[in-house]
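Coordinate analysis (summary)
The chain contents come next:
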Amino acid sequence: PYRIECVGKWANTSNPLDIFNQHNTAAGNYDTGSEVVVLGWDPADTHTTNFWEELASVDWSSGATLDSGVFSTKKYLWVQAYLKEDSTAGYSRTRCGNSTIDTLGNYAGRWSITGGNDGTQASNSDCFWIGDGSGTGSRISFVNMFIVNNASNEKLFTGHSLYDWTTGVGTAPRRVEFAHKWTNTLSQINRIDFNKTAGNYESGTTMRVWGSD
């Protein structure tokens, strides 16, 4: 998939925003299924419900995989993970599926490491989102990603991660921006895992999954 990053401002200094318009400046129109969701919060809010519902909360127990287990299907997914890798050099990756994890070549993606040129993958067996070419061991990383999870469309992932390239105050952490997709168009994601290609995760590794329709 392609990805775009942008920043902007509305120069009004008198009123807060209360409407948002996603405008197509080119030819053609948006199609059925297009949707805009706007989330907000105010200290004066008194509601007792939330857009996001927690679907899975799992902590690592052993091995090279952190698996969410099967959770309720939702149109939008939000996934966070904190990954502590052992000293064996390897790579962390994420996969998904419906009831079972898809390990076939149904993923494609694009990512940039610390603002560098994009790397790409196609027909891959996983979403390889936190790679820098070295697979350094003993890495600690944090990932935050969102997924559009419509059953009849390819599932689109967007997110960021950071990892401590070298411990200590003398070295800044590295960051990754990524855009991936799972090409299944028959069912919704209801299971996600993080997997280390070599070695294992360690105590403290954890994942949370939230969802909404």
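Now for a quick tour of the structure. (Residues numbered from 1 in each chain as written. Predicted model: local features only at pLDDT ≥ 70, side-chain atom pairs only at ≥ 80, totals over all residues. Heavy atoms only, no water.)

As a rule of thumb, nonpolar side chains are buried together in soluble globular proteins. Counting residues in each nonpolar core, the largest one holds 28 residues, and the members touching the most others are Phe71, Val79, Ile189, Ile192, Phe194 and Met207. Only β1 (53–59), β3 (76–84), β6 (107–113), β8 (140–148), β9 (155–163), β10 (174–182), β11 (191–196) and β12 (206–212) provide two or more residues apiece to this core. Sorting elements by how many residues they give to this core places β3 first, with four residues. (Core = buried A, V, L, I, M, F, W, Y, C linked by side-chain atoms within 4.5 Å. Buried < 20%, exposed > 50% of the residue type's maximum accessible area, 1.4 Å probe, protein only. Helix = DSSP H or I, 4+ residues; strand = E, 2+ residues; numbered from the N terminus.)

The antiparallel open sheet is built from eight strands, whose spatial order is β1-β12-β3-β8-β9-β10-β6-β7. The sheet terminates laterally at β1 and β7 (119–124), the two strands that pair on one side only. Taken pair by pair, the neighbouring strands of this sheet meet at an average axis angle of 15°, ignoring direction. Judged from the seven bridges that link them, β6 and β10 form a sheet pairing that is antiparallel. Pairing of Arg110 across the sheet is with Ala179, part of β10. (Pairing = 2+ DSSP bridges. Axes fitted to C-alpha atoms, helices over the stretch in contact; angles between N-to-C directions.)

Time to look at the side chain of Asp126. Note on placement: Asp126 falls in the loop between β7 and β8. With residues near it in sequence (within four places) discarded, Asp126 still touches Arg93, Thr94, Arg95, Tyr107 and Gln121. (Contact = heavy atoms within 4.5 Å.)

This part covers the sheet that holds β11. Taken in spatial order, the four strands line up as β2-β11-β4-β5 in an open sheet, and their pairing is antiparallel. Across the chains shown, the open sheet's two edge strands, defined by having one partner strand only, are β2 (65–67) and β5 (100–101). Bridge analysis of strand β4 (residues 92–98) against β5 gives two bridges, and the strand direction is antiparallel. Paired with Asn98 across the bridge in β5 is Thr100.

Next up on the list: the pairing of β10. With seven of nine residues buried, β10 lies mostly within the body of the structure. Where β9 and β10 come together, nine bridges link them in antiparallel fashion. Bridge assignment links Gly159 to a residue of β10, and that residue is Phe178.

Residues other than glycine predominantly adopt negative phi, and peptide bonds predominantly adopt the trans conformation. A positive phi angle is found at Ser99, which is not glycine, with a value near 75°. Tracing the sequence through the fold places Ser99 in the loop between β4 and β5. The partly exposed category is assigned to Ser99, whose relative accessible area is 37%. At Thr114, a position not held by glycine, the phi torsion is positive, near 50°. Mapped onto the secondary structure, Thr114 falls in the loop between β6 and β7. You can call Thr114 partly exposed: its relative accessible area is 42%.

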